[in-house]
Each structure stands twice: as structure tokens, then as C-alpha cells.
Amino acid sequence: MGDCGDAEDEFEDALEVIPAHCKMDLNTALSDSKIAIHLFFNNKFDEAQHILEPWVGTSMYHTIGRSIFLFLEALLTFEQASIQKASAALKSSIRLCNSYRRKTTLTQSIGNIMKKPNYDSYTPDELHAELCFAEALLLKALLTFIEDETLVSFIRAGIKIRSCYNSYKECNVILTSREWSENEKSYKEHFESGVRLGIGAFNLMISLLPSKIIKLLEFIGFSGSKEQGLGELELCYQVPHGLRHVLCVLTMLTYHLVVVYVFSQEEGDLEFCDAALRQQLTLYPNGAWFLYFKGRLEFMRGDVDDAIKWYTASVESQDSWPQFHHICYWELCWANCVALNWKRAEMYAAKLAEQSKWSRTTYNYQRACIMLMRGYNCLSRDELNTVNQLMADVPKYKQRIAGKSLPMEKFAVKRSQRFTNQNNRLFMPAVELLYLWNLFNVFGKRKSLCDNLYRLIDRNTKDLEKNPGQYGSEYEYDNKALGCLLKGVCLRIMNSPLHAEECFKSVLSMEKKIKEDRFLVPYAHVELAFLYKSKGNLEKVAYFLETAKKNYSGYSLETRLHFQIHCAWASLNERKAKTTTDHNDLAPDSQFDDNQ
């Protein structure tokens, strides 16, 4: 420790700047970092910075801590100045960590190829330098994706991520092979917490990618297993005093409450999330991040009113980072859409369109769609003019990353053109978005929500049957097929499989008549797979997934569906593995690798 005493748990007493005469050693740096993290997650952002600033440039942990805060700010704001500031801070962190790392001569490097280094001879500073180096490298790589949106930057980021992945692997070898002495218990705890978080997050991230990409990554030395990823994060979670414990909790909450529900039809571990959030909200009662995740937990349970309450509490908990409000506005917008409260949803959609820089194309389109759901006869002339203007603005803000358009922005631009072609009308546009954002499952958690949704879809599809000319005749079957798909999904979650199947097969029967919305057919195939999965007919599940995968390409939001197919195959193989020793009959690698 430094000469300033033990401040590990004295959060409130440790807010003053450490005097210059106080020697900064690793123990003090770890204690300071813990205090800064506690303050940061209690929304005391300035106080957290205040602890770190005096030692930036000399202490690894103070320097990387400040870099992480700047990285989060860059991610939330998307402002070029914030991105450049974070990038410069991370470069300094990488340089500083490098200066603390074990230096090896050329002879030693050649010797290390023949036999592994003697990690027992590493000092605690050198060990933590390896870990901090890997963390700084990962954040810098992730920042590269938004810093310079060209293909070259993607390649650069890929090279950095590989280097970082190798650093984490080496840290894992150190963790398991080093003889840790009794007085190194605290150093080991913090080190283990960081290594398990890094290895766990990497495995989880790679396991979510489609199979063909995984094969490519394995070829260059990456590998990823969902089980290993969750296992490592669980072990990290079990080191409650580890410095990165709170980051581990955030990673697990993000996976179970966001990733699982966006990319698959599976359920996240809501029991774990409930227990973890109770614990974190005791530590951080006003923490914006944990109030947000509590809202997300209630939303995924179908408790829309409670979700809205917690999201609102997150917004009201802090003003230092207004950009964090935008994440809550997004959730509040969709929670109100699930409640079919279009006016209130439009209020949050408008806030996003006016304030957030993430994707103005998507925000403008969403706001227009939500307004249209109130019905043309219920909109004033001014509101109709607003809708027309929003649709006209949709293509103006389209972004390109690595030379490619974002799929949802591309879809929004197509739909805005369709709006013009259909006499300034769209068929159930916000319900379509609820489906595409994978929010229909939330309706399935509450009978009242489901019944309201079904009545809305039924009313609109009947109205379309009676008066197809209101959208022009050109896209008659596109609109009918969309209506059948949405109705089928609603019936599936209402547990009416026969009627749902009828709707999905109606979509398939219209394939030749659909003019533009070719994506509806592969999506209907995947919905049939989900339907048969609930019936336990695994052969039909495999058939419809494979048909969607192999027979269709080049349609809107293809990547989004491929993620769902990938997660469905993985879940199917897990299920198959429980009932048979032959793990390979359902989805041979070739099924997944063709045609990605």
C-alpha cells in the first residue's frame, strides 16, 4: 500500500486528491480504482474522474480507468471530438501498460517458443500490466469501428482484436500456471476477475456469430463457446471483491436481457438477472445503468407499466450524461408501443429523432411509423405534414460503415420510398417494426397484451381485404403477406398453432405474387420452424431452418434472420444432445456453411 492508509471500503472518505508525496503503488492504484468504480456507478462521474486524474500517465489503473470513462462517453455520444479524446487516452494507456510489461530480449523470445516463460518470476506490476494492456487494446479496437468507418479500419480493428485475444489467452495461462503466494491473494483476486471477464466476453461474443464466420476465425486462431463464455463470467461473478465484478455483472445482464432477446427466440436467465439486480441496486440505488437493466428485466417479463417506471427512474437519476437518456428513450418508445400507447411512444421517438446521433434515418422512420398507427383520420393536417417530412428526411441521414449501409437503415429507406408509392400510406408499419425488433415475445408474457395486439392486426388485415386499393394495387400481395405473417406470429405466441401454421403457409403461397418484400417468405419459413419446435417436431424444425438458409438470399434484413437461424440451430443441437449421443445428425457443418 501507499502511505495513505487503507481506503478500500471507505468510499466517502477517499474523495480528496492523493497528496503528491504519497507513493503510488499497485495496491493503492487498485483501491483507488475500486472507489472510482463505486462512485461512477452511483452517477458521481465527476468525483470518479477526480480520483483518477492526478495519476493519469503514471499509474496503469488510474490511466486506463480514465480511458474507460472516456470510451463510454464516446460510445454514448458518437461525437467525433469525444471519439478522438477517448482514442488518444487509450493510446496513452497502451503505451503506459507496455512500459510496465515484462521486457524480453530476442534470445528470451526464441527460448519462450521452446518452453513457456517462468510466470512465477513476474512481479504483480508486470502481471497486471499484461491484463491492462489486453483491456486497453480491446477498447481501442472497438473504438476503431466507429472512429474511421472504412474497410481499412475494420481490418486494423481485426488485427488489434487478435493481438488482444492472444494477450488474454496468455493472461489465462498466467492465472492457472503461476504459483500465487499467500500475500498475493488480493492481486490474484483482481487479476482473476479481469482475465475471466475478458475470456468470458470473448467466447460469448464469438459464439453468437454465424458458423461460416466462426470457421474463418478458428482458422486464424480464435475460438468461441457459449458454455465456456457463460462459465467464465459465472466464475468472475463469484469473485465479488474483484475489481471488474461490476463490469462482469453488466456483461451478463446485457447478454441475458438484451442479446438473447434481440438475436434469438430463447429466454435469458431472468432469475439470475433478478438476483444480480437486487444486489447491485442495494450497492448503487440511484445507478442509471442498473435502473435501466431493472426496467429491461420487467419489460422482458411483460410488466410494461413497471418497465416504464424503472426506465423513467434511470432517466431522472442523472443529468451528467444526457446521452444515456437516449437508451432509455428507445426502451420507453417500444414499451409504449407494446402497450399500444402510440401517442406516448411518439413522444419518445421524437426525442430520439431530435437529440440522438446514433441513427437519424432509423429514428425518423420509427417516429413516422408510430404516428401512422393512430390512423390517417386521427392525424391533423400538421401531423400529416410532419409524417411526410420525416419520410422525406429518412434517406438524407443514411450512414455507411466499412463501405456498407446499415441493414435497418437500408430497410427504412426502402419503406420510405414505398410510403410515397402507396399514396403516403404504409400497412401496420410500427407493428412490423415491433416484429423485426423481436418484441412480439413480450406480448406473449401477458394475455391482455396479446389479445390487444391480435385485435389490432385482425382489424387491419380485414380492412385491407375490404379495401386493398387504399395502398394502390401494385403492392397488394406484399401487404397481404405482411398481414398474414404478423397474424401468424401473434397466433403462435397465443398458442394457436393450427391457425398460425395456416397464416405462415399463406405467406409461402404468395411467394410468386410478392413484388418487393421477398424477406417475408424466408421469415415465414423460420416462423414455421419455431412453431414446430414448440410441438417437438425437430425434423420439421430442421427442414424449415435449412430451407430458409439455403434457398433464399439477397433480401432485406437477411443478416438479422441468419442470426436467428444460427441461434435456433444451436438450441436445436443442445436439445438433440440431451436425447441422443449423435450430436451431428441435425445440422451438419455443411448445412450452415453454404450460402452464408
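Worth saying up front: this structure is predicted, and the values here are computed from it rather than measured. (Residues numbered from 1 in each chain as written. Predicted model: local features only at pLDDT ≥ 70, side-chain atom pairs only at ≥ 80, totals over all residues. Heavy atoms only, no water.)

(A) Just the overall build of the protein, in detail. In terms of helices and strands, the protein carries 28 helices and two strands. The burial tally for the protein puts 55% of its 596 residues in the buried class. (Helix = DSSP H or I, 4+ residues; strand = E, 2+ residues; numbered from the N terminus. Buried < 20%, exposed > 50% of the residue type's maximum accessible area, 1.4 Å probe, protein only.)

(B) Up close: a positive patch on the surface. Side chains of K398, R400, K404, K410, K414 and R518 sit close together on the surface and give a patch of like positive charge. Note on placement: K410 falls in helix α19 (residues 407-421). (Patch = residues over 30% accessible without salt bridge, like charges linked within 9 Å, V, L, I, M, F, W, Y side chains within 5 Å. Areas by Shrake-Rupley, 256 points an atom, 1.4 Å probe, with all protein chains shown as cover. Salt bridge = Lys/Arg side-chain N within 4 Å of Asp/Glu carboxyl O. Lys, Arg positive; Asp, Glu negative; His and termini not counted. Charge placed at Lys NZ, Arg CZ, Asp CG, Glu CD.)

(C) Seen up close, empty space enclosed by the protein. Per the counting criterion, the structure on display carries four cavities of 30 Å³ or more. Contributing to the lining of the largest cavity are Q265, Y435, L436, N438, Y523, V526, E527, F530, R560, L561 and Q564. Of all the secondary-structure elements, those providing two or more residues to the lining of the largest cavity are α20 (429-436), α25 (520-535) and α27 (558-579). The greatest single-element share of the lining of the largest cavity, amounting to four residues, is contributed by α25. Across the lining of the largest cavity, the residue classes tally to six nonpolar, three polar and two charged. By volume, the second largest cavity amounts to about 50 Å³. In this structure, the second largest cavity is lined by R415, R418, Q422, L426, F427, P429, E432, N479 and L482. The set of elements that each furnish at least two residues to the lining of the second largest cavity consists of α19, α20 and α23 (476-493). Grouping the constituent residues of the lining of the second largest cavity by class yields four nonpolar, two polar and three charged. (1 Å grid on protein atoms, 1.4 Å probe; cavity = no way out; pocket = protein on both sides within 12 Å on 5 of 7 lines; lining within 4 Å. Points joined across faces, edges and corners; volume = space filled by probe spheres on them. Nonpolar A, V, L, I, M, F, W, Y, C, P; charged D, E, K, R; others polar.)

(D) Geometry of the side chain of H325. Following the sequence through the fold, H325 ends up in helix α15 (residues 322-338). Exposure remark for H325: the relative accessible area of 8% places this residue in the buried category. A polar contact of 2.7 Å, which involves the side chain of H325, links it to the backbone oxygen of Q318. Among all residues touching H325, those that are not within four sequence positions of it are V315, Q318 and D319. (Polar contact = N/O pair within 3.5 Å; in protein donor to acceptor, adjacent residues only side chain to side chain. Contact = heavy atoms within 4.5 Å.)

(E) Broad picture of the nonpolar core. Counting residues in hydrophobic clusters, the biggest one holds 193 residues, and the most contacted among them are F290, F299 and F440. It is helix α6 (residues 124-147) that contributes the most residues to this core, 12 residues altogether. If sequence neighbours within four positions are ignored, F299 has contacts with V304, A307, Y311, E331, W334, A335, V338, L439 and V442. (Core = buried A, V, L, I, M, F, W, Y, C linked by side-chain atoms within 4.5 Å.)

(F) Spatial organisation of the confidence of the model for the protein. Of all residues in the protein, 85% have pLDDT values of 70 or greater, and the mean over the chain is 87. Counting contacts from residues 581-596, a segment whose pLDDT is below 50, to residues more than four positions away or on other chains yields 36 contacts. (pLDDT = per-residue confidence, 0-100.)

(G) Seen up close, helix α26 (residues 538-551). Counted at 1.5 Å a residue, the expected span for α26 with its 14 residues is 20 Å, and the 20 Å between its end C-alpha atoms agrees. Inspection of α26 places L538, V541, A542, F544, L545, T547, A548 and K549 among the buried residues, and these make up the whole buried set. (Expected span 1.5 Å × (residues − 1).)

(H) Representation of the side chain of D25. Among the structural elements, D25 can be located in the segment before α1 (26-40). Among the polar contacts made by the side chain of D25, one reaches the side chain of T28 at a distance of 2.7 Å.

(I) Representation of unusual backbone geometry within the structure. In this structure, N423 is a non-glycine residue whose phi angle is positive, near 60°. Looking at the element boundaries, N423 is found in the loop between α19 and α20. Its identity as a non-glycine residue notwithstanding, N424 has a phi of 60°, on the positive side. Its location among the elements puts N424 in the loop between α19 and α20.

(J) The packing of aromatic side chains, seen in detail. Tallied over the full model, the rule gives 31 aromatic pairs. Where Y168 meets F202, the ring centres are 6.0 Å apart and the plane angle is 70°; that geometry is what we call edge-to-face. A residue pair is termed long-range when its members are at least 10 positions apart, and Y168 in helix α7 (residues 151-177) and F202 in helix α8 (residues 185-207) qualify at 34 residues. For Y168, a relative accessible area of 4% corresponds to the buried category. By relative accessible area, which is 3% here, F202 ends up buried. (Phe/Tyr/Trp six-rings, centres within 6.5 Å; stacked < 30°, edge-to-face > 60°.)

(K) Highlighting the pattern of salt bridges. Applying the stated criterion to the full structure yields 31 salt bridges. Here E298 and R301 are joined by a salt bridge, their closest N and O atoms 3.1 Å apart. By relative accessible area, which is 26% here, R301 ends up partly exposed. In this structure, the salt-bridge partner of K480 is E476, at a minimum N-O distance of 2.8 Å. With K480 and E476 both in helix α23 and four residues apart, the pair spans about one turn of that helix. When its relative accessible area of 18% is taken as the criterion, K480 is described as buried. Several salt bridges share partner residues, and in doing so they unite D274, R278, K294, E298 and R301 into one network.

(L) A look at the environment of Q355. Assignment of secondary structure puts Q355 in helix α16 (residues 342-355). Separated by 32 residues in the primary sequence, Q355 and Q323 have C-alpha atoms spaced 8.5 Å apart. The residues contacting Q355, other than those within four sequence positions of it, are H326 and Y329. Within the structure, the side chain of Q355 is placed 3.4 Å from the side chain of H326, a separation counted as a polar contact.

(M) Representation of the packing of α19 against α20 in the model. Interhelical geometry of α19 versus α20 gives an angle of 165° and a closest axis separation of 13 Å. The orientation of α19 with respect to α20, classified from their angle, is roughly antiparallel. Helix-helix and strand crossings are classified by hand; for α19 and α20 the assignment is right-handed. Contact residues: α19 offers M408, F411 and R415, while α20 offers E432, L433 and L436. Here the residues of the contact of α19 with α20 are counted per class, giving four nonpolar, no polar and two charged. (Axes fitted to C-alpha atoms, helices over the stretch in contact; angles between N-to-C directions. Parallel < 35°, antiparallel > 145°, perpendicular 65-115°, else oblique. Left-handed = near helix turned anticlockwise from the far one by under 90°.)

(N) Up close: the packing of helix α17 (residues 360-372) against helix α18 (residues 381-393). The N-to-C vectors of α17 and α18 enclose an angle of 150°; their axes lie 8 Å apart at closest approach. Judged by the angle between their axes, α17 and α18 are roughly antiparallel. The handedness of the crossing between α17 and α18 is left-handed. Touching N364, Y365, R367, A368, M371 and L372 of α17 are E383, T386, V387, L390, M391 and D393, all from α18. Here the residues of the contact of α17 with α18 are counted per class, giving seven nonpolar, two polar and three charged.

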